[in-house]
Amino acid sequence: MFAQYFGHFLLNSGYITVEQLKYVLDHEKNTRVKLGISAMHAGYMTPEQVEFVHNEQLRVDKKFGQIALEHGFLTQHQLDELLKNQKKGHYVLSQCLIEQEYMTLVDLQDAMAKYAQKYQLNANILEETEDNKTIHNFFSFETTLWDRIYSEYVSLLIRNCIRFLDEVPILNIERIEEPLQPNWSVSQEIKGKFDMFTSLSSNDEKALIKLAELFNKEEYSCFDIYAQDAISELLNLHNGIFLVNMSNLGIELDMHPQQVNLKPDFPSVSEIFRIKLSWIWGNIDMIIY
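Predicted model, so just to flag it, every value in this text is computed and none were measured. (Residues numbered from 1 in each chain as written. Predicted model: local features only at pLDDT ≥ 70, side-chain atom pairs only at ≥ 80, totals over all residues. Heavy atoms only, no water.)

What follows is about the overall build of the chain. In terms of regular secondary structure, the chain is built from 12 helices and seven strands. Looking at the chain as a whole, 51% of its 289 residues are labelled buried. A separation threshold of at least 6 residues defines the contact pool for the chain, and within that pool the share at least 24 residues apart is 68%. Approximately 14500 Å² of the chain is accessible, and the part contributed by carbon and sulfur atoms is 49%. (Helix = DSSP H or I, 4+ residues; strand = E, 2+ residues; numbered from the N terminus. Buried < 20%, exposed > 50% of the residue type's maximum accessible area, 1.4 Å probe, protein only. Contact = heavy atoms within 4.5 Å. Areas by Shrake-Rupley, 256 points an atom, 1.4 Å probe, with all protein chains shown as cover.)

This is the structure we're talking about:
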């Protein structure tokens, strides 16, 4: 998660542009070695065990290594070794920034120092920043009542993009002042101790097809019912894990079935937010209120 947060810091501080950040995050994704692959190469886990862990991650918001430890697939020593040998986002991101001449070494060192000082991060936290509290340093929902819930939701969204899409998005969060009218969306309502509306939408059909392909690991020639179902299931999966996390905090919630909409209208209310997810291949909006 270092690349995600540090990249936003560089963008917001004027060190790099949006297009440059998209490029380095895509490069970091292609360079990163997944822990399951490393475990199989080392002979520590079988393909069946790796697949089991991946399936567990469809239900619970846990790291690969944590699940592998819980089920006895890895020892702590083996996990520590794999993590030590795994390429870290800090070095991959920094190397790409220098190689592409987006930043000089002096500028990079200056940015790293300012980042660590501003957010009071030590070296270990710089390498793997995943605490939900960290998101408050970069994004604000401008409201005390929903800030924690929305922050939990978006933090999980980032992790799930990495887990299920193997893609790191650039996020921009804004309050919507006028109703949106996207060409397509899938929505799902959450009910219980609090009510929440969630939706994935876009006017970019190519981006929607790409999102469906990344999630379902299949190719689609057009944005047909099967591609739409894939995105619908992605929203349902994400919300399902969110409900598990809320239950662990003592907050019991339920989900309504997903609803696919053509040219939907979203209400103009004070607490509606758009989380713009940007990748090198396109943009998708997550709407929450």
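Read on, since the account is not over.
The next point concerns the pattern of salt bridges. All told, the structure shown has 10 salt bridges when counted by the stated rule. For Arg163, the salt bridge is made with Asp61, and the minimal N-O distance between the two is 2.6 Å. Of the two residues, Arg163 sits in helix 10 (residues 144-165) while Asp61 sits in the loop between helix 4 (47-56) and helix 5 (64-70), which places them 102 residues apart along the sequence. Arg163 sits in the buried class, given a relative accessible area of 19%. Where salt bridges share partners, they join Asp61, Arg159 and Arg163 into one cluster. (Salt bridge = Lys/Arg side-chain N within 4 Å of Asp/Glu carboxyl O.)

Using the criterion set out here, one finds two cavities of 30 Å³ or more in the structure. Of the pockets and cavities examined, the largest cavity occupies roughly 110 Å³. Residue lining of the largest cavity: 13 residues in total, with Leu157, Cys161, Leu165, Leu200 and Leu234 positioned closest to the centre. Those elements that place two or more of their residues in the lining of the largest cavity are helix 10, helix 12 (225-248), strand 6 (273-279) and strand 7 (282-288). With four residues, helix 10 is the largest single contributor of residues to the lining of the largest cavity. Along the lines of polarity and charge, the residues of the lining of the largest cavity split into 11 nonpolar, two polar and no charged. Lining of the second largest cavity is provided by Lys22, Leu25, Asp26, Glu167, Val168, Ile170, Ser278, Trp279 and Ile280. Every element with two or more residues in the lining of the second largest cavity is listed here: helix 2 (18-31) and strand 6. Take the lining of the second largest cavity: its biggest share by element is three residues, from helix 2. (1 Å grid on protein atoms, 1.4 Å probe; cavity = no way out; pocket = protein on both sides within 12 Å on 5 of 7 lines; lining within 4 Å. Points joined across faces, edges and corners; volume = space filled by probe spheres on them. Nonpolar A, V, L, I, M, F, W, Y, C, P; charged D, E, K, R; others polar.)

Where helix 11 (residues 205-216) meets helix 12, the axes come as close as 8 Å, and the angle between the chain directions of the two elements is 65 degrees. With respect to the hand of their crossing, helix 11 and helix 12 are arranged in left-handed fashion. Contact residues: helix 11 offers Leu208, Leu211, Ala212, Phe215 and Asn216, while helix 12 offers Ala227, Ala230, Ile231, Glu233, Leu234 and Leu237. Classifying every residue of the contact of helix 11 with helix 12 gives nine nonpolar, one polar and one charged. (Axes fitted to C-alpha atoms, helices over the stretch in contact; angles between N-to-C directions. Left-handed = near helix turned anticlockwise from the far one by under 90°.)

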